[in-house]
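Here is how the chains run, residue by residue.
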Amino acid sequence: MKYGVAIFPSKKLQDLANSYRKRYDTKYAFIPPHLTLKPTFEATDMEISTIAEQLKVIAQKCRPFTMSVTKTKSFQPVSNTIYFKVELSEGLQELHDALNNEDFIKSESEHAFVPHITIAQDLSDNEHSDVLGQLSMLDISHEEEVKRVHLLYQLEDGAWTVYETFRLGAE
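Residues numbered from 1 in each chain as written. Predicted model: local features only at pLDDT ≥ 70, side-chain atom pairs only at ≥ 80, totals over all residues. Heavy atoms only, no water.

Heads up, the rule is: UniProt positions are given in the numbering used here, feature names are shortened, and annotations may be inferred rather than shown by experiment.
For the protein, the name recorded in an unreviewed UniProt entry is Putative phosphoesterase BN1180_01556, with Peribacillus simplex as its organism. Its UniProt record gives the protein the following Sequence similarities (unreviewed entry) comment, quoted word for word: "Belongs to the 2H phosphoesterase superfamily. YjcG family."

Structure (structure tokens):
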């Protein structure tokens, strides 16, 4: 089964992201707006219980932190994906590093860690240019406290759902 680890932002930020994702994100129906901490990995039913225990320990060691969303950016020319940029804070970096070192699940990431919340993907070049032009004029300045991380799994229809939620810094 496929799993991943993510942060779900507040309802306010999810609503803002979804106002664009409805039209511009082909994965809109499969997962709510999120910040990916650990990309998709495979695990068996037996392995996932151990992984969940490891994740619980990691979450307990990491403190809650402030997530700042500052602007709209794009991954072009690599892909026509548009996203809300999340500033890389010390707390976010610490959490990401803990989830992506050799002591946790070994998996190779295709890309460097760029904290973001996707709002548009799989756009044509012209559509990408138009949408990015519109969205780059938005004043996006949002801060919120991150207190939880979520272990997710993928259903047979491609949708993602929460397997377990872990509180940061909690015993």
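So that's the structure; there's more coming.
**Structural notes on the overall build of the protein**
Just so we agree on the cut-off: Secondary structure elements follow DSSP: runs of H or I no shorter than four residues count as helices, runs of E no shorter than two count as strands, and numbering proceeds from the N terminus. We compute the radius of gyration from the C-alpha atoms alone; for a globule the expected value is 2.2 Å times N to the 0.38, where N is the number of residues. Contacts are assigned to residue pairs with any non-hydrogen atoms lying within 4.5 Å of each other.
Secondary structure assignment for the protein yields 4 helices and 8 strands. In terms of overall size, the protein behaves like a compact globule, its C-alpha atoms giving a radius of gyration of 16 Å where 171 residues would be expected to give roughly 16 Å. Its C-alpha atoms give the protein principal-axis dimensions of roughly 45 × 35 × 25 Å. Partitioning the intrachain contacts of the protein with sequence separation of at least 6 by distance along the chain shows that 76% fall at a separation of at least 24.

**Considering the pairing of strand β8 (residues 160-167)**
Convention followed: DSSP-based pairing: two strands are paired if at least 2 bridges between them are found.
As paired strands, strand β7 (residues 148-154) and β8 are joined by 7 bridges and run antiparallel to one another. Across the sheet, residue His150 finds its bridge partner in β8, namely Thr165. The loop that links β7 with its antiparallel partner β8 comprises 5 residues; one of these, Gly158, has a positive phi angle of about 95°.

**Regarding the pairing of strand β5 (residues 116-120)**
For the record, the criterion: Residue exposure (1.4 Å probe, protein chains only): buried if accessible area is under 20% of the type maximum, exposed if over 50%, otherwise partly exposed.
When you tally the buried positions in β5, you get 4 out of 5 residues, the bulk of the element. Pairing of strand β4 (residues 82-86) with β5, which is carried by 4 bridges, proceeds in the antiparallel orientation. Paired with Tyr83 across the strands is Thr118, a residue of β5.

**Considering the environment of Phe30**
With respect to the helices and strands, Phe30 occurs in the loop between α1 (11-24) and β2 (35-42). In this structure the C-alpha to C-alpha distance between Phe30 and Trp160, which are 130 residues apart in sequence, comes to 5.9 Å. Contact partners of Phe30, with chain neighbours within four places excluded, come to Asp157, Gly158, Ala159 and Trp160.

**Quick look at the nonpolar core**
Note the threshold: Buried residues of nine kinds, namely Ala, Val, Leu, Ile, Met, Phe, Trp, Tyr and Cys, make up a nonpolar core once their side-chain atoms join them within 4.5 Å.
Core analysis: the largest hydrophobic core is formed by 42 residues, its most contacted members being Ile7, Leu37, Phe41, Phe84, Leu95, Val149 and Leu151. When residues in this core are grouped by element, the largest group, 6 residues, is from helix α2 (residues 45-61). Once you skip the residues sitting within four places of it in the chain, Leu95 turns out to touch Ile7, Leu37, Ile58, Cys62, Phe65, Val149 and Leu168.

**Considering the sheet that holds β4**
Operational definition: Each axis is a line fitted through C-alpha atoms, taken for helices only over the stretch in contact, and angles between the N-to-C directions span 0 to 180 degrees.
In space, the 4 strands of this open sheet follow the order β5-β4-β3-β6, with antiparallel pairing throughout. The open sheet has two free edges, formed respectively by β5 and β6 (142-146), since each of these has just one partner strand. Strand-to-strand twist of the sheet, defined as the mean angle between neighbouring strand axes without regard to direction, takes the value 30°. Two elements, strand β3 (residues 65-74) and β6, share 5 bridges in a ladder whose sense is antiparallel. Residue pairing in the sheet places Thr66 in a bridge with Glu145 of β6. Of the strands in this sheet, β3, β4, β5 and β6 are in contact with α1, which crosses β5 at around 35°. Running at roughly 130° to β3, helix α4 (residues 125-135) makes contact with β3, β4 and β5 of the sheet.

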